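Residue strings, one per chain:
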Amino acid sequence: MTRTTRYHIVIKGVVQGVGFRPFVYNLARLWKINGSVLNFSGGVTIEAEGEDRNLANFLNELRENPPKLSLITDYKIYELPSCGYTSFKILSSDSGTDKEALVPPDVATCPECRKDLSDPANRHYLYPFTNCTNCGPRFTITKEIPYDRPYTAMCSFQMCDSCAGEYNDPTDRRFHAQPVACPVCGPHVELVDHKGKKVAGKENWLQACWDVLRDGKILAFKGLGGFHLTCDAMNGKTLEVLRLRKGRDHKPFAVMCRDLKTTQKYCLVNKYEEKLLNSLQAPIVILPRYPGVDLPQELAPGLKTLGVMLPYTPLHFLLFSGPFALLVMTSGNYSGMPLVKDNERALGELGGIADYLLWHNRGIVNRCDDSLSRVIDGETHILRRSRGYVPHPVTVRRESTAPVILGVGGEMKNSFCLLKKDQAFMSQYIGEIDSLEGEENLFSSLINFQKLIGVTPEIVAYDLHPGYASAQVARRIPARTFIETQHHHAHFASCLTENGIEDEEAIGVILDGTGYGTDGTLWGFEIITGDYTGFKRRSRLAAVPLPGGEIAVRQPWRTAVSYLLTFLGDAGKEAARQIFKDKNLSVIEKMIEKGFNAPLSSGCGRLFDAVSAILGLCLKNHYEGQAAIELGEIVLAGTAANHLRPYPYEIEAGIIKPGEMLAEIIRERAACTPVEIISTRFHKTLVKIIFKAVQEISLLTGLKKVALSGGTWQNPYLFLSVKNLLTANGYQPLYHHQVPANDGGIALGQVMIAHWRWLKRCV
């Protein structure tokens, strides 16, 4: 005699908007299970009653093969008395109060929807908003949980009978796909000129866009998380105009290729990069260009790489179904301003950049820029975490009763973090916040995020730099406690968190451009030991004055002069006058000598700036990190670099002194040694310095885990060389996988520092 059992199952995580309920429904029908499935604010609940053998198969499939977009973070099962269910039903959602369900990220168009898009017999043919439960907008259109149509930007679009039929059919892949729409009932696009006058509607917009791009014009169009600016990537003159209008002199433009074959025409693509390009997240991937490839220099001045992504929305696929195989696809904003997401603001803010705008009438609730990534040694490194990844949380070890903590993040590449129970929710990329518009973007994004996950921060953590706008924003947020965190300690804590390190000390090698130190100077080449509650500065780069402060960051030649004068004295002064003979050095020399408007800096980024300027690569940073990026791109690889030796250097009482290295670089420069050789030797020197310092600190402390964090670790050669050297010598390198190593990841460290400080006081 077979036994009938009933289970009550509670599943939490990303289980709404990903086809989870129809998956459960069809699974229940397959295994003759009766009961129900229900969305609630915390996730999904299932009532499952059936014969034991069938229930076992049902539960196994449920755990082992859930929908590909789902992410189960918690699974609980309770046995209850049988109650005689006679069928299996999908019940209406319960909004509830405790919002624990996770909204899925926006993901690329699935193969089935792409097929519908290109099938003349399908009612979604050429429709730019085609989607299903396996793809399309999620986070960007969601106002609150549960993820149901009334709580999204689709609430104003009444479904036609055909869409309603698909939406309500559990066997259809569009079952409860909240953005479901078609040409009859859904959003539509229109093309307008830069003054808002309609040029084309839903019947002829595509041909009109091709005509605009063919004429060398710039088009702004509304995508998933905001507007893009696009133009013909092969038209150098148009690229120059775009740079002028956008205020973006040298920073590389991202491009979108029609397909992988087009990408391979211009760039080298390995199997890991191919997988990332074609992933659900569909980020921009930095790829090496083929040497001598026929591309305008204006795309990425001074670089050997190109940021490439593939089409990820129906609108993109339609745009690439015509004459263009390669288009610029850059953020729709003026340089330094937030991404534009609303039609009205697009006219005001993009009307002076774009000649035409392609917009639509589906609202964007949460702006979300494209994610940026790079593959190093077969592993994905996220440089900008946004579309495709947000709002997936980082799981941490933490009690569910712990307070909600907000980490406001940094000043540049800003992302904030909300720590709720055992989940750290990193926000989408916010960008620069040193303007009223930037602060407004941060505040509005924070309010939306808090509403989405149902929290109010009790503790607010922020950077201790007194001049940061982020710190000023933090102090205006209602909370019971405020905690200052040192910039590089936050980098360190972020890396520890990602690698599952708890109450344990480690070594940290934190390399970046600038961070405010506890002594009031600017740090950035920090080799420390510590944990979440505190740290000790063990070794650092010798500090130099920055003549003009922030101006020196923008003009690396000033930093180069300071390094030469500080470490080489009269010989350095003479070298500076030879190298920078067209500059007025007398004023700079006096500023350095007297320390007037010349704050001390020990940043790794400033050392890269100095060497890059000495070699004549970059005398002016048109964008953050330009000098360092250009210096890193010319490093030799393989056998060409194996015979090159590091430069001499000195470490005295933990202070790294680069004088001997600089003297040798000056001699090689005078001897016309190729800059590629000098750059390679410079990088090798840094690798040796870092390893030597770690080795000495490890001998002193017994620590073997080494956290690598800070924007400088985005340099592939430096990262891979140090990682391999540490591993080969018995150390355990810890590095970033889920959040950026740059300032886009420090908010995670801020919340964990605040948590552990709170915990230590409370335990």
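Below you will find a few notes about this structure. Every value quoted in this text rests on a predicted model; they were computed, and no experiment measured them.

### A look at the pairing of strand 21 (residues 459-463)
Argument step 1. Strand 21 sits mainly inside the fold: five of its five residues count as buried.
Argument step 2. Relative to strand 21, strand 18 (residues 405-407) runs parallel, the two sharing three bridges. In the sheet register, G407 faces strand 21, and the bridge partner there is A461.
Argument step 3. Handedness of the β-α-β unit built from strand 21, helix 12 (residues 469-475) and strand 22 (residues 481-485) comes out right-handed.

### Focus: the side chain of Q486
Argument step 1. With respect to the helices, strands and loops of the structure, Q486 is situated in the loop between strand 22 and helix 13 (487-498).
Argument step 2. Judged by relative accessible area, Q486 falls into the buried class, the value being 3%.
Argument step 3. At 2.9 Å, the side chain of Q486 and the backbone nitrogen of H489 are in polar contact.

### So, the packing of helix 15 (residues 556-579) against helix 16 (residues 585-594)
When two helices pack together, their arrangement is given by the angle between the helix axes and by the axis-to-axis distance.
Argument step 1. At a minimum axis separation of 10 Å, helix 15 and helix 16 run at an interaxial angle of 90°. What the angle tells us is that helix 15 and helix 16 run roughly perpendicular. Contacts between helix 15 and helix 16 involve W557, R558, V561, S562, L565, K573, A576 and R577 from the first element and L585, I588, E589, I592 and E593 from the second.
Argument step 2. Across the contact of helix 15 with helix 16, the residue classes break down as seven nonpolar, one polar and five charged.

### Describing the nonpolar core
A general trend in soluble globular proteins is that nonpolar side chains are found buried together.
Argument step 1. V509, F525, V561, F580, F682, I690 and W713 are the most contacted members of the largest nonpolar core, which totals 60 residues.
Argument step 2. In this view, I690 contacts V509, L511, F525, W713, L718 and V722; residues no more than four positions away in its chain are not counted.
Argument step 3. The next biggest cluster of nonpolar side chains, apart from the first, holds 55 residues, and it includes F23, F88, F139 and V455.

### Re the pattern of salt bridges
Argument step 1. Evaluation of the coordinates by the stated rule reveals 32 salt bridges.
Argument step 2. The partner of D355 in a salt bridge is R245, with the nearest N and O atoms 3.2 Å apart. On the criterion of sequence distance, the pair formed by D355 in the loop between helix 10 (343-350) and strand 14 (356-360) and R245 in helix 6 (residues 236-246) is long-range, its members being 110 residues apart.
Argument step 3. Residues joined by salt bridges that share partners form a network here, namely D116, R123, E166, R173 and R174.

### Overview of the environment of T2
Argument step 1. Turning to its location among the elements, T2 is positioned in the segment before strand 1 (4-14).
Argument step 2. A relative accessible area of 55% places T2 in the exposed class.
Argument step 3. The sequence separation of T2 and T518 amounts to 516 residues, and the corresponding C-alpha distance is 70 Å.

### Regarding helix 20 (residues 659-670)
Argument step 1. Taking 1.5 Å of rise per residue, 12 residues should cover 16 Å, and helix 20 covers 17 Å from first to last C-alpha, within 8% of that figure.
Argument step 2. Buried positions along helix 20 lie against helix 15, helix 17 (604-614), strand 29 (655-657) and helix 21 (675-701).
Argument step 3. C672 sits one or two residues past helix 20 and shows a positive phi near 60°.

### A look at the packing of aromatic side chains
Argument step 1. The full count for this structure, using the stated rule, is 12 aromatic pairs.
Argument step 2. Measuring from centroid to centroid gives 5.9 Å for F139 and F449, while their planes differ by 55°, and the two rings are tilted. Here the residue F139 occupies a position in the loop between helix 3 (111-117) and helix 4 (161-167), and F449 occupies one in helix 11 (residues 436-453), the gap between them amounting to 310 residues.
Argument step 3. Residue classification places F139 among the buried residues on the basis of a relative accessible area of 0%.
Argument step 4. Ring geometry for F719 against Y735: centres 5.0 Å apart, planes inclined by 80°, an arrangement best described as edge-to-face. One end of the pair, F719, is in helix 22 (residues 716-728); the other, Y735, is in the loop between strand 31 (732-734) and helix 23 (746-762), and 16 residues separate them in sequence.
Argument step 5. According to the relative accessible area criterion, F719 is buried, its value standing at 2%.
Argument step 6. The class of Y735 is buried, set by a relative accessible area of 10%.
Argument step 7. Through a chain of ring-to-ring contacts, the aromatic side chains of F139, F416 and F449 assemble into a single cluster.

Criteria and thresholds
- Residues numbered from 1 in each chain as written.
- Predicted model: local features only at pLDDT ≥ 70, side-chain atom pairs only at ≥ 80, totals over all residues.
- Heavy atoms only, no water.
- Buried < 20%, exposed > 50% of the residue type's maximum accessible area, 1.4 Å probe, protein only.
- Helix = DSSP H or I, 4+ residues; strand = E, 2+ residues; numbered from the N terminus.
- Pairing = 2+ DSSP bridges.
- Right-handed = clockwise from strand over helix to strand, strands pointing away.
- Polar contact = N/O pair within 3.5 Å; in protein donor to acceptor, adjacent residues only side chain to side chain.
- Axes fitted to C-alpha atoms, helices over the stretch in contact; angles between N-to-C directions.
- Parallel < 35°, antiparallel > 145°, perpendicular 65-115°, else oblique.
- Contact = heavy atoms within 4.5 Å.
- Nonpolar A, V, L, I, M, F, W, Y, C, P; charged D, E, K, R; others polar.
- Core = buried A, V, L, I, M, F, W, Y, C linked by side-chain atoms within 4.5 Å.
- Salt bridge = Lys/Arg side-chain N within 4 Å of Asp/Glu carboxyl O.
- Expected span 1.5 Å × (residues − 1).
- Phe/Tyr/Trp six-rings, centres within 6.5 Å; stacked < 30°, edge-to-face > 60°.

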